[in-house]
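Here's the letter readout for the chains.
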Amino acid sequence: MKPPPFDYVAPTSVEEVLDLLSDAQDGASVLAGGQSLMPLLNMRFARPELIIDINRVDGLDGIVVSDDAVSVGATVRLATIESHPEIASALPVLASATTFVAHPQIRARTTIGGTLSHADPSAELPTVAVALNATINLRSKTGSRSLSAEEFFESTFTTLKEPDELLVSVDFPREPGMSFVYDEISRRQGDFPFAGLCLGVSVRDGVVANARAAAAGVSEIPQRLPALEAALVGRTIAEATEDAANAAADEVNPPTDIHGTAAYRRGLLRSLVRRNLSALDQEQK
Ligand SMILES: Cc1cc2nc3c(=O)[nH]c(=O)nc-3n(C[C@H](O)[C@H](O)[C@H](O)COP(=O)(O)OP(=O)(O)OC[C@H]3O[C@@H](n4cnc5c(N)ncnc54)[C@H](O)[C@@H]3O)c2cc1C
């Protein structure tokens, strides 16, 4: 199918984008990588009167790696994150999780701002953002605000971003001593996962001192897993693994759909907890 008619603009500054978004009053869509928006237009699920192409906007494509955080501009492509040497050494899970998203051709277009704004509950990077406690930075004509990733995702394909707001960047904190892994189970390499898990721990004297986790595909948002985290803290990874796997399976409420039942997805999450903890345990030795 072909998209419905729309006007197209390609501004070059953030201020122009914010003016256009403010004037359009919910009638505009931002075009970033286009890998979700274009299919939505072609299927006529989205009918914006105006498309604001942000690919030529100055200042949205920076990557800054500091001691505290990895800050990524909204139009940075996933392919860039995947192959960025400083990201690979500062926050390896960000680069490794990116390789699970679709295929290289799609990652060459998909932007970090696009995948976070689109808010697919099975998507990898939103899940990593929640697990890492990322901060999402938004701007509108009237000001700026920052939300934690956990606050940002509201429900399936819905975030707290207002129609006049542009996602400008995301800051992924670097927590000293924390080590994260991402893994998922999908039908084929590159498909959206049935379930995905980003899990991080810090271990002191052989015992888990801190844990953070979020799952993809098991809820209507990328879901933080506090019961799993609590099951790990104060114990060795080996002795806590089964309790943590069961805690995670109990605290999610996955959908039953054509791809599998809720019980099946809970089982996948249990397996992922075991797999990720085993990988983290190996890393500590
Ligand atoms: C075949 C195929 C397989 C895929 N597989 C996966 C997968 O396995 N995992 C996965 O996570 N994704 C997958 N995707 C989705 C892909 O990653 C999308 O590109 C992504 O969801 C959206 O990113 P984008 O940059 O293309 O955004 P766009 O498609 O341009 O935009 C998506 C939405 O976000 C809004 N938006 C974009 N940028 C901003 C911004 N800076 N501020 C405010 N609003 C903004 C747009 O208005 C639109 O509503 C797949 C896509 C395809 C076509």
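Residues numbered from 1 in each chain as written. Predicted model: local features only at pLDDT ≥ 70, side-chain atom pairs only at ≥ 80, totals over all residues. Heavy atoms only, no water.

A. Spatial organisation of the site of the ligand. Taken together, 28 residues surround the ligand, and among them V30, G34, L37, T111 and E124 come closest. Here S36 contributes a backbone N or O atom positioned 2.9 Å from an oxygen atom of the ligand. T110 is positioned such that a nitrogen or oxygen atom in its side chain is 2.8 Å from an oxygen atom of the ligand. Protein contacts shield 86% of the accessible area of the ligand, which totals 970 Å² for the unbound molecule. Within the residue set of the shell around the ligand, elements represented by two or more residues are β2 (28-31), α7 (112-118) and β10 (166-173). Broken down by element, the shell around the ligand gets its largest block of residues, 5 residues, from α7. (Near = heavy atom within 4 Å. Polar contact = N/O pair within 3.5 Å; in protein donor to acceptor, adjacent residues only side chain to side chain. Areas by Shrake-Rupley, 256 points an atom, 1.4 Å probe, with all protein chains shown as cover. Helix = DSSP H or I, 4+ residues; strand = E, 2+ residues; numbered from the N terminus.)

B. Examining the pairing of strand β6 (residues 135-140) more closely. In the sheet, β6 pairs with strand β7 (residues 143-148) via 6 bridges, with the strands oriented antiparallel. Note on β7: the bridge partner recorded for N137 is S146. Hairpin geometry of β6 and β7 is characterised by an intervening segment of 2 residues between the two adjacent antiparallel strands. Looking at chain direction, β6 and β10 are connected through 5 bridges and run antiparallel. Looking at β10, one finds that R139 is bridged to L166. (Pairing = 2+ DSSP bridges.)

C. Highlighting the sheet that holds strand β5 (residues 69-73). Taken in spatial order, the 5 strands line up as β4-β5-β10-β6-β7 in an open sheet, and their pairing is antiparallel. Only two strands of the sheet have a single partner each, and these edge strands are β4 (63-65) and β7. Each strand axis lies, on average, 15 degrees off the axis of its neighbour in the sheet, ignoring direction. (Axes fitted to C-alpha atoms, helices over the stretch in contact; angles between N-to-C directions.)

D. Local environment of unusual backbone geometry. Positive phi, close to 60 degrees, is recorded for R44, a residue that is not glycine. Tracing the sequence through the fold places R44 in the loop between α2 (37-42) and β3 (50-53).

E. Expanded view of the sheet that holds strand β1 (residues 7-9). Reading across from one edge, β1-β3-β2 is the order of the 3 strands in this open sheet, with parallel pairing throughout. The open sheet has two edge strands, β1 and β2, and neither has a second partner. Ignoring strand direction, the axes of neighbouring strands in this sheet form an average angle of 25 degrees. Two strands pair when backbone bridges link them, and β2 and β3 are joined in this way by 4 bridges, in the parallel orientation. Paired with V30 across the bridge in β3 is I52. Docked against the sheet, helix α1 (residues 14-24) engages β1, β2 and β3, running at close to 165 degrees with respect to β3. (Contact = heavy atoms within 4.5 Å.)

F. Fine view of the side chain of S179. Mapped onto the secondary structure, S179 falls in strand β11 (residues 179-185). Since its relative accessible area comes to 14%, S179 is described here as buried. In terms of polar contacts, S179 uses its side chain to reach the side chain of E283, at 2.2 Å. S179 has contacts with L199, G200, V201, L280, E283 and Q284, leaving out every residue within four places of it along the chain. (Buried < 20%, exposed > 50% of the residue type's maximum accessible area, 1.4 Å probe, protein only.)

G. Summary view of the domain arrangement of the protein. Domain boundaries assigned for the protein yield domain 1 (7-53), domain 2 (63-173) and domain 3 (179-284). Each of domain 1 and domain 3 has a C-alpha centre, and the two are 36 Å apart. (Domains from an automatic or database assignment.)

H. Here's a closer look at the pattern of salt bridges. Scanning all chains against the criterion turns up 12 salt bridges. With a shortest N-O distance of 3.5 Å, K141 and D19 are connected by a salt bridge. Here K141, found in the loop between β6 and β7, pairs with D19, found in helix α1; they are 122 residues apart in sequence, far enough to count as distant. R145 serves as the salt-bridge partner of E165, at 2.7 Å between the closest nitrogen and oxygen. With E165 in the loop between β9 (158-159) and β10 and R145 in strand β7, this residue pair connects regions lying 20 residues apart in the sequence. Each of E150, R224 and E229 takes part in one network of salt bridges that share partners. (Salt bridge = Lys/Arg side-chain N within 4 Å of Asp/Glu carboxyl O.)

I. Region of interest: the environment of Y8. Within the secondary structure, Y8 is located in strand β1. Between the C-alpha atoms of Y8 and E49, which are 41 residues apart in sequence, the distance is 8.7 Å. With near-sequence residues (within four places) excluded, Y8 lies in contact with L31, L50, I51, D53 and R56. Reaching out from Y8, the side chain makes a polar contact with the side chain of D53 at a distance of 2.5 Å. Of note is the side chain of Y8, whose polar atom sits 3.4 Å from the side chain of R56.

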